[in-house]
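This is what each chain is made of:
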Amino acid sequence: MAIAITVKNFLQQKSVKYDLTTHAYTGSSHETAQATLVSEDHIAKAVIVKDESGYAMVLVPASNYVEMKHLRKELDRAFELVAEDEFAKLFPDCESGAVPPLGPAYQIETFLDEALTSLANVYLEAGDHEHLLHISGEDFKTLLSGVRHGHYSHEKGFSKVDDY
């Protein structure tokens, strides 16, 4: 597949240039970082949540966990994690579990962790388990203009109960 058609169209619509890196099949952001030699804190990871208002995407560095209690409190919403088997209906042009962190491309409400806003280069899932997109930090912000920013995560070394 290489790059999901929704992602490709969204990048073209926003006039964002990108590089596409091919790597061995990986099943997690951590494995992708190892396979591509990209630091985990430069890979944007999408965590899908939902509440009575519908689905939402929380974007955090792959090196971090989403702080669910903090997210719920800050946004005053009763978010719960979405099971991976629900992803297919949200991302029909992507392989199972390979969620591109571009909620606006899929018309999904999106929350961007501040940790991703100061990067010079950002890497993203392309929609399968063998390709990674590389874009500038400025273009990443362009793609996510208008989404809410906040502090929604912490580094994995500081694990707490109820974090993902």
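Note that the structure is predicted; figures quoted are calculated from it, not measured.

> Would you take a moment to explain the overall build of the protein chain for this structure?
On a plain count of helices and strands, the protein chain comes out with five helices and 10 strands. Taken against the 2.2 N^0.38 rule, which gives 15 Å for 164 residues, the C-alpha radius of gyration of the protein chain at 15 Å falls within 12% of a compact globule. Seen along its three principal axes, the alpha-carbon backbone of the protein chain occupies a region of about 35 × 30 × 30 Å. Contacts in the protein chain between residues at least 24 apart in sequence constitute 70% of all its contacts with a sequence separation of at least 6. Of the roughly 7,900 Å² of accessible surface on the protein chain, a fraction of 49% belongs to carbon and sulfur atoms. In the protein chain, which carries 14 positive and 26 negative side-chain charges, the distance between the mean positions of the two groups comes to 5 Å.

> Honestly, the pattern of salt bridges in this entry has me stumped. Any pointers?
Any two side chains of opposite charge can pair if their charged atoms end up close together. Scanning the model with the defined rule gives five salt bridges in all. Its salt-bridge partner being Glu80, residue Arg72 comes within 3.6 Å of it at the nearest N-O pair. In this structure, Glu138 engages Lys141 in a salt bridge whose closest nitrogen and oxygen atoms are separated by 3.1 Å. Pair noted here: Glu138 and Lys141 are both in helix H5 (residues 137-143), with a separation of three residues, about one helical turn.

> How should the layout of surface pockets be read in this particular structure?
The gaps of empty space that remain are located by a probe, the size of a water molecule, rolled over the atoms. There is about 540 Å³ of room inside the largest pocket. Around the largest pocket sit 27 residues that line it, and Ser29, Lys45, Ala46, Glu84 and Gly97 are the ones nearest its centre. When contributions to the lining of the largest pocket are tallied by element, the ones reaching two or more residues are helix H2 (29-36) and strand S2 (43-51). Considering each element in turn, the lining of the largest pocket owes the most residues, six residues, to S2. Residue classes in the lining of the largest pocket are distributed as 12 nonpolar, 10 polar and five charged.

What counts, and at which threshold
Per-chain numbering applies: the sequence of each chain, read as written, is numbered from 1 onward. Two thresholds apply to this predicted model, a pLDDT of at least 70 for residue-level local features and 80 or more for giving and counting side-chain atom pairs, whereas whole-chain, interface and lining totals are computed over all residues. Only hydrogens and water are removed before side-chain values are computed, so all heavy atoms of the structure are retained for them. Strands here are runs of E lasting at least two residues and helices are runs of H or I lasting at least four, both read from the DSSP assignment and numbered beginning at the N terminus. Atoms considered for the radius of gyration are the C-alpha atoms alone. The globule rule reads 2.2 Å times the number of residues to the power 0.38. Contacts: residue pairs with any heavy atoms within 4.5 Å of one another. Accessibility throughout is a Shrake-Rupley quantity obtained with a 1.4 Å probe, and a residue counts as covered only by protein chains that appear here. The charge count includes Lys and Arg as positive and Asp and Glu as negative, but it does not include His or the ends of the chains. The location of each charge is read from NZ of Lys, CZ of Arg, CG of Asp or CD of Glu. A side-chain nitrogen of Lys or Arg and a carboxyl oxygen of Asp or Glu constitute a salt bridge if their distance falls within 4 Å. Two kinds of site are reported from a 1 Å grid over the protein atoms alone, namely cavities, where a 1.4 Å probe fits but cannot get out, and pockets, open sets with protein on both sides within 12 Å along at least five of seven lines, and residues are called lining when an atom falls within 4 Å of a point. Grid points are joined across faces, edges and corners, and a volume is the space filled by probe spheres set on the points. In this classification, the charged set is Asp, Glu, Lys and Arg, the nonpolar set is Ala, Val, Leu, Ile, Met, Phe, Trp, Tyr, Cys and Pro, and all remaining amino acids, among them Gly, are polar.

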